Amino acid sequence: MLVGHQPKEFLLAVSGLTVSFDGFKAVNDLSFYVEENEIRVIIGPNGAGKTTVLDLICGKTKATEGSIQFRGTELTKLKENEIVKAGVGRKFQTPSVFEDLTVFENLEISFPRGRTVFGSLTFQRDQLVRSRVGEVAEMIFLKDKLNTYASELSHGQKQWLEIGMLLIQDPDLLMLDEPVAGMSVSERTKTAELLNRIIKNRSVLVIEHDMKFVEDIAHKVTVLHQGQILSEGTMEKVKNDPKVVEVYLGH
Ligand SMILES: Nc1ncnc2c1ncn2[C@@H]1O[C@H](COP(=O)(O)OP(=O)(O)OP(=O)(O)O)[C@@H](O)[C@H]1O
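Here the structure is a predicted model, which means the values were calculated and not measured.

Draft legend 1. Region of the structure containing the overall build of the protein chain. Helix and strand counts for the protein chain stand at 9 helices and 10 strands. Computed over the C-alpha atoms, the radius of gyration of the protein chain is 19 Å, within 12% of the 18 Å expected from 2.2 N^0.38 for a compact globule of 251 residues. Taking the principal axes of its C-alpha atoms as reference, the protein chain extends roughly 55 × 40 × 35 Å. Looking at the 251 residues of the protein chain, the share that counts as buried comes to 49%. Of all intrachain contacts in the protein chain linking residues separated by at least 6 positions in sequence, the fraction that spans at least 24 positions is 67%. As displayed, the protein chain has an accessible area near 12600 Å², and 51% of this comes from carbon and sulfur atoms. Charge centroids of the protein chain, computed over 30 positive and 35 negative side chains, lie 3 Å from each other.

Structural data, given as structure tokens:
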């Protein structure tokens, strides 16, 4: 057993993770480890099990077997809302911002602990929320759009706003499913900049197909194929791995 050997600094330790859908193992005995302040990218062909891995971590899908340890907490036993409270934020592929609210309001309603605070604390809380909204808006390049309705934002700006709505909750692990799909080249560059900035306080787990973007952000890449790891390491290493070229990059 390697238990005593496993270093403590992993933020996320996935081991022996398996999920069967009517006997079909979409994720099959998968193990990988994400460090603090790491950007990990999961790549792989369609149907490899990438989205299912994020579904398992955020509790949307329950594991058939295996373990997901997050800072020592076993996530497979928790409900989705408990996993969010434990510090895991997940963004889905399509933006789900509130179109008829402004950027400010979208960020404000995402601030944790709800809006009802009684008595003298209200003022302090308002100040805190406003300053945090300002900080996050700056980070996601929307500082000058605070009063703009989300419906008027570009697709890329909506994606950033949704990242902001997660950031305002200060998660320790942020999971993003194809964050740059549909973005312009300059928006992609800015998104890479954004991710590199936000990992000072957290780790990021990204599913991505855009290899240029993966090169720009990944500290480490995990290549999935048929629910298992085909290859793992730096982008340089995996892109030169003949197995990866054969099943994914060569196509
Ligand atoms: N709830 C479910 N019930 C049955 N089968 C499922 C379910 N969720 C996923 N699958 C199957 O598991 C496999 C992995 O799907 P998944 O969406 O995780 O792949 P992916 O790597 O994210 O693919 P893509 O790049 O196309 O998004 C697919 O064959 C899919 O049909």
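Text resumes after the structure shown.
Draft legend 2. Spotlight on the pairing of strand β2 (residues 24-35). Pairing of strand β1 (residues 10-21) with β2 involves 8 bridges; the strand directions are antiparallel. Among the inter-strand pairings, alanine 13 is bridged to a residue of β2, identified as tyrosine 33. Between β1 and β2, which pair antiparallel one after the other, the connecting turn spans 2 residues, and aspartate 22 there sits at a positive phi close to 50°.

Draft legend 3. Spotlight on the nonpolar core. Core analysis: the largest hydrophobic core is formed by 48 residues, its most contacted members being Leu107, Ile140 and Leu161. For this core, the element with the highest residue contribution is helix α5 (residues 155-167), accounting for 6 residues. Residues within four places of leucine 161 in sequence aside, it is in contact with Val97, Val103, Asn106, Leu107, Ile140, Leu142, Ala150 and Leu153. Grouped together as the second largest cluster of nonpolar side chains are 28 residues, Leu12, Ala26, Ile57 and Leu224 included.

Draft legend 4. How the structure looks around the sheet that holds strand β5 (residues 73-74). Spatial strand order, β2-β1-β4-β5: 4 strands in an open sheet with antiparallel pairing. Bordering the open sheet on either side are β2 and β5, each of which pairs with just one other strand. Sheet topology places strand β4 (residues 65-70) next to β5; 2 bridges connect them, and they run antiparallel. The residue bridging phenylalanine 70 from the neighbouring strand is threonine 73, located in β5. Packing of helix α1 (residues 50-58) onto the sheet brings it into contact with β1, β2 and β4, and relative to β2 it is tilted by some 70°.

Draft legend 5. Focus on the site of the ligand. In the vicinity of the ligand, the residues found are Phe21, Phe24, Ala26, Pro45, Asn46, Gly47, Ala48, Gly49, Lys50, Thr51, Thr52 and His209. Residue asparagine 46 places a side-chain N or O atom 3.3 Å away from an oxygen atom belonging to the ligand. One of the backbone nitrogen or oxygen atoms of alanine 48 is found 3.0 Å away from an oxygen atom of the ligand. Protein coverage of the free-state accessible area of the ligand, which is 640 Å², stands at 58%. Counting residues per element, the ones that place at least two in the shell around the ligand are β2 and α1. Taken together, the residues of the shell around the ligand sort by class into 5 nonpolar, 6 polar and 1 charged.

Cut-off values and rules
- Residues numbered from 1 in each chain as written.
- Predicted model: local features only at pLDDT ≥ 70, side-chain atom pairs only at ≥ 80, totals over all residues.
- Heavy atoms only, no water.
- Helix = DSSP H or I, 4+ residues; strand = E, 2+ residues; numbered from the N terminus.
- Rg over C-alpha atoms; globule rule 2.2 N^0.38 Å.
- Buried < 20%, exposed > 50% of the residue type's maximum accessible area, 1.4 Å probe, protein only.
- Contact = heavy atoms within 4.5 Å.
- Areas by Shrake-Rupley, 256 points an atom, 1.4 Å probe, with all protein chains shown as cover.
- Lys, Arg positive; Asp, Glu negative; His and termini not counted.
- Charge placed at Lys NZ, Arg CZ, Asp CG, Glu CD.
- Pairing = 2+ DSSP bridges.
- Core = buried A, V, L, I, M, F, W, Y, C linked by side-chain atoms within 4.5 Å.
- Axes fitted to C-alpha atoms, helices over the stretch in contact; angles between N-to-C directions.
- Near = heavy atom within 4 Å.
- Polar contact = N/O pair within 3.5 Å; in protein donor to acceptor, adjacent residues only side chain to side chain.
- Nonpolar A, V, L, I, M, F, W, Y, C, P; charged D, E, K, R; others polar.

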